[in-house]
Amino acid sequence: MWAEYGQFSLCLAFAAALLTVISTFRKDALIASAGASAALKAQFIALLCAFICLVMAFIISDFSVTLVASNSHSEKPLLYKIAGTWGNHEGSMLLWMLLLSAYCASFAYFKVSKVETSKIEYRVLGLICIAIIVFILAASNPFLRMDTVPIEGRGLNPLLQDWGLAIHPPILYAGYVGFAVPYAMAIGTLFSGAADRQWARQILPWIMTPLAFLTLGVGLGSWWAYRELGWGGFWFWDPVENASLLPWLFGAAMAHGAFILKRTGALGQSTLLLAILTFSLSILGTFLVRSGVLTSVHSFAVDPKRGLLIFIFLMIVLGGGLGVFWTKRSASGKPITWPLTSRLGFMAAGIGLLLTIAGTVLLGTLYPLAIDALGAEPITVGAPYFNATARPLGWLMVGIMVLAPFALWTTPLTLTGIIQDHKGGLISALVGVIAATLTLQHFQTDIWQALLFGVSVFFCGLVVTFAISHAPKTLSGMSMIFAHGGIALAALGMTGAAFFSSETIVSVKPGDQFETAQKTLVFGGVERGKGANYFYDRATVKILDAAGHIKNELTPERRWYPAGNMTTSEAMIDRTVIRDFYVTLGDLRTPGADAPDWALRVYDRPFISWIWLGCILTFLGSGFSAIHHFRRRRVASSMPAKAAPTHLILGPAE
Amino acid sequence: MKAFIYIIIFITLSITPPSAFGADTAQTSDVVSTAISKNGAFVSDTLEARATNLFRDIKCPICVAQSVAESDAEISKSLREHIRREIVAGKTDKDILEDLTVRYGTSILLNPPVKAATLLLWTAPWLFLLVSAFIWRHAHRRPQRTPAAS
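Because the structure is a prediction, the values reported are computed rather than measured. (Residues numbered from 1 in each chain as written. Chains lettered and ligands numbered in written order. Predicted model: local features only at pLDDT ≥ 70, side-chain atom pairs only at ≥ 80, totals over all residues.)

Participant: Explain the nonpolar core here, please?
Facilitator: Soluble globular proteins tend to bury their nonpolar side chains together. Residues and elements named next belong to chain A. Within the largest apolar cluster, 218 residues are counted, with the highest numbers of intra-cluster contacts made by Met97, Leu100, Cys104, Ala180, Leu249 and Leu354. By residue number, the principal contributor to this core is helix α9 (residues 197-228), which donates 16 residues. For Met97, the contacting residues outside a window of four places in its chain are Leu47, Ile132, Ile133 and Ile136. Core analysis: the next-biggest nonpolar cluster, separate from the first, contains 17 residues, Val508, Phe523, Met572 and Trp598 among them. (Core = buried A, V, L, I, M, F, W, Y, C linked by C-beta atoms within 7 Å. Buried ≥ 20, exposed ≤ 12 C-beta atoms within 10 Å, placed from the backbone. Helix = DSSP H or I, 4+ residues; strand = E, 2+ residues; numbered from the N terminus. Contact = placed C-beta atoms within 7 Å.)

Participant: Sorry, what's going on with the domain arrangement of chain A here?
Facilitator: Accessible area lost when the parts come together is the quantity often used to give the size of an interface. Residue and element names in this part refer to chain A. Looking at chain A, the domain boundaries give domain 1 (1-161), domain 2 (162-407), domain 3 (408-501) and domain 4 (502-607). Each of domain 1 and domain 2 has a C-alpha centre, and these two points are 24 Å apart. With 30 residues of domain 1 at the interface, the matching set in domain 2 holds 30 residues. Residue assignment for the side of domain 1 that touches domain 2 shows that the elements contributing at least two residues are α4 (78-83), α5 (89-109) and α6 (115-139). Ranked by residue count, the leading element in the side of domain 1 that touches domain 2 is α6, at 11 residues. Tallied by class, residues from the side of domain 1 that touches domain 2 come to 19 nonpolar, 8 polar and 3 charged. (Domains from an automatic or database assignment. Nonpolar A, V, L, I, M, F, W, Y, C, P; charged D, E, K, R; others polar.)

Participant: I would appreciate a short explanation of the sheet that holds strand β9 (residues 579-588) of chain A in the present structure.
Facilitator: The strands making up a sheet are joined through hydrogen bonds of the backbone, oriented either antiparallel or parallel. Residue and element names in this part refer to chain A. Ordered in space as β1-β10-β9-β8, the 4 strands form an open sheet in which the pairing is antiparallel. Across the chains shown, the open sheet's two edge strands, defined by having one partner strand only, are β1 (502-508) and β8 (572-575). Across the sheet, the mean angle from the axis of one strand to that of its neighbour is 20°, orientation sign disregarded. Both β9 and strand β10 (residues 598-606) contribute to a ladder of 8 bridges, which runs antiparallel. (Pairing = 2+ DSSP bridges. Axes fitted to C-alpha atoms, helices over the stretch in contact; angles between N-to-C directions.)

Participant: Explain helix α2 (residues 29-59) of chain A here, please?
Facilitator: In an α-helix, one full turn covers 3.6 residues, which means residues spaced three or four apart are oriented alike. The first and last C-alpha atoms of α2(A) sit 45 Å apart over 31 residues, in line with the 45 Å expected at 1.5 Å per residue. After α2(A) finishes, the residue Ser61(A) shows a positive phi value of roughly 50°. (Expected span 1.5 Å × (residues − 1).)

This is the structure we're talking about:
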C-alpha cells in the first residue's frame, strides 16, 4: 500500500503548491501572504509523507513497484536499501523536491520581508514547486506499479553502494535547490522593494545555507570518487562534477556581492542578477545530469522526454528571471567609492574571478555538446584543458584571497600593511621553511617545487596568523577565517598532490617484496570470499617501516556483484596527515599458474587529505556565517531599518 | 598605484609552474635505456614520465572522462602498450598523438587542439578575465549602473 499512500501524498503536495500560487492572488496582501505561507508548510508535510512512503517501499522490498524492482535487491544491506531510494532518477527527483519544499517551508517560517514582497516571493516558489511536482508526476513517477511482479530486484549499481554515496545526494541537493530562495527573493525585490543593505541582511542566510551544503556536497562527491573509482584522483573534470561546481562558484560570487551590498549599499543590481543566474545554473546542472546529454556514472536514466521537460523549465527560470531583471532593474545604484586595492576592491575582484572561472568551466562543459550539435568533428574537453585554464585562474583567486585580509576595508593596500605583523610573519616563514624541507626530504621532487610549496605555505600561514590576530572573535569573524582558511588548505592540498604524487603498477606473486615511494611493501597474497551481496578477491599488502616491522596492513579488494554482474575495485588507504598511500588490486596477470601474478597499483598521494579537511573548514565557515546571519536577520527585522552611514567606517569584518 | 604593481608582481609569481599550463613535456634526446620492466612500464624514469604524460592526454575511448592513464579498461591497456612501443620506435609525442587522432578521431584527445572550431574555447577564458578586470578597474569611477543602463 505504501506506493498508493505515496502517490496520494504527492498529489496532496501538488494541491498545496497550487493553493500557494492561488492564495498569492488574493487582494488583501496580508491574507495572501499568510495563506501562501501556510500552504508551503502543508506542502512540506505532504512531501515528507510521500518520501517516507517511498523509503518504506524500498525497506520492505516491494518489487511490485517498478522503481524498487529495478533498483533494489532483497539481499542488500538495510542502509543501502534506504540509500537506494535516491540512487536512481525518480527517487532522486523526489528527494530534490522534498528538500526544495523544506527550504520553502522554512523560508515561510522565518519570513521577514514586507507582505507585498513576500507575496511575490511565495508565488515564485509556488510556481517552481508546481513545475517540479508536475514533472515528477508526469515524467518520473517513483510510485508506478508493475503488471507482473518479479521475484527479485535488479540491484543497485555497486559503485553506488558506499556510505559516501548514501549521504552525498541529500547534501548536494540541499545545496543546489536552496538557491531557489535567493532566486525568489530577487524576483520579489525586483517587483516590489529595493536591493538595499537591509535586503542584503535578509538574503544572506539563504545564500550561506545552501552554499555551506554545496561545499560539503562537492567535497563528498570528490571524496567518494577518490575512494570508490580507484584511480587515485580527486577531481576528474567529469561534466557532472562540473555541473555541481558551477552553482558553487556562482553562489560564492553572489555571497560576496551580498556582503559588499550589506556593507556599502552598492552592487545591489549585480547581486540580484547573480541570484537569478545561480539558481538557473542549479537547474542546468540537473538538466545535464538527468537528461542524459552527458553520459556519466551519475546518469541513471537516459530519457529524451525528461531532458526536454527540464530544458523547458530551465528556459522559463532563466528567461523569466532575466526578463524580469531587464524590465524592473533600477539604474540608480549607489556609487562605488572605494579604492581598487582596498579590501572591498579585492572582494569585487574575487567576484570577477569566480565568475571568470565559472564561465570557463561552463564553456568547457558545454563546448563539446555545441560542436556536436553543429555537426562538426566531435571533440573532447578534458582535464588538460581545465588544468590549463581554470587552474591558473584559481591561483589568481587564491592570490587575491591571500592579499585581501591585509587591506583595510576602504584604504588601499600598502606593503607596510603586509609586513606590519612581524610575529605572524616569523611563524609563517618558519612553517614555510619546515614545509619545504619536509617535502624535499620525503617526496621525490626537485628543489624548485619544494620551494614553491614552502612559499605557498608561508603565504597561507601569513593570512591565517594575521586573520587570527586581527579578526574579531565573533561568529562572523570566525566564519570568514574558517571559510577562507579552508580554501587555502584545499589549495595547498591540491598543489601538494599535483607536485609530489607518484604511482606505480607492479606485477607481484604472493610473498614478493617491492619498494615504491621510499617504502617497502610485502604482497601477502589474495584470498577469495563472499561478502553481504558480492564475492571478493582480497589482497593483503603489508607496509614495512625502516626497521622491517609491519607498520600497517592494507586489504584492497576486487568485488563482483552477481546482481547486475559488475566488478568494482575497493581501494585501501594508509593515511597520515601529510600523505595518503593508496593501494588497489588489479587483474590476475597469469590465470591458472600455481603462484599467480597479480597487478597492484600503488599511488602515493601527498597532502591529498588536506583537500577534504579544507572542504570541511569551508563548510563550517559558511555554516557559521549562515547562523550568524539568521540571528542578525531576526534582530534586524524587529528593528526599523537603519539608515546607511554617509561614509564607511573602518570596523570589524561582518 | 604602487600597491597595484605589487599585486601584479605577486600574482605573476603565484601562478603555478609551466606544467600547470599544459606545457610540452621535455623531449629527451639522451640515449636512455628503452627496456621495459616486468610490470610493463619503462625501466627509465624519464621515458616512463613521458609515457605517463601522453596517457594523461588521451581519452579512454569507451570511458566517460577517464584518461588512458587512469582507466582499467582492456582498450586502455592495449593503448598504453601501443604508446610505449611507439616511443621505443623513436616517434615524437606529436607523431604518436597524430596517429591516434587519425585512427580514433579528434575526440580521443582530452586536450582539444587549437583550430578554427576551438578558437573560442581557448580564447574565451582570457577574454572573460579581461572583461572582469576591465569592469573591476572602471566600475568604481562612476556611479554603478547595470550593464545595459544608458
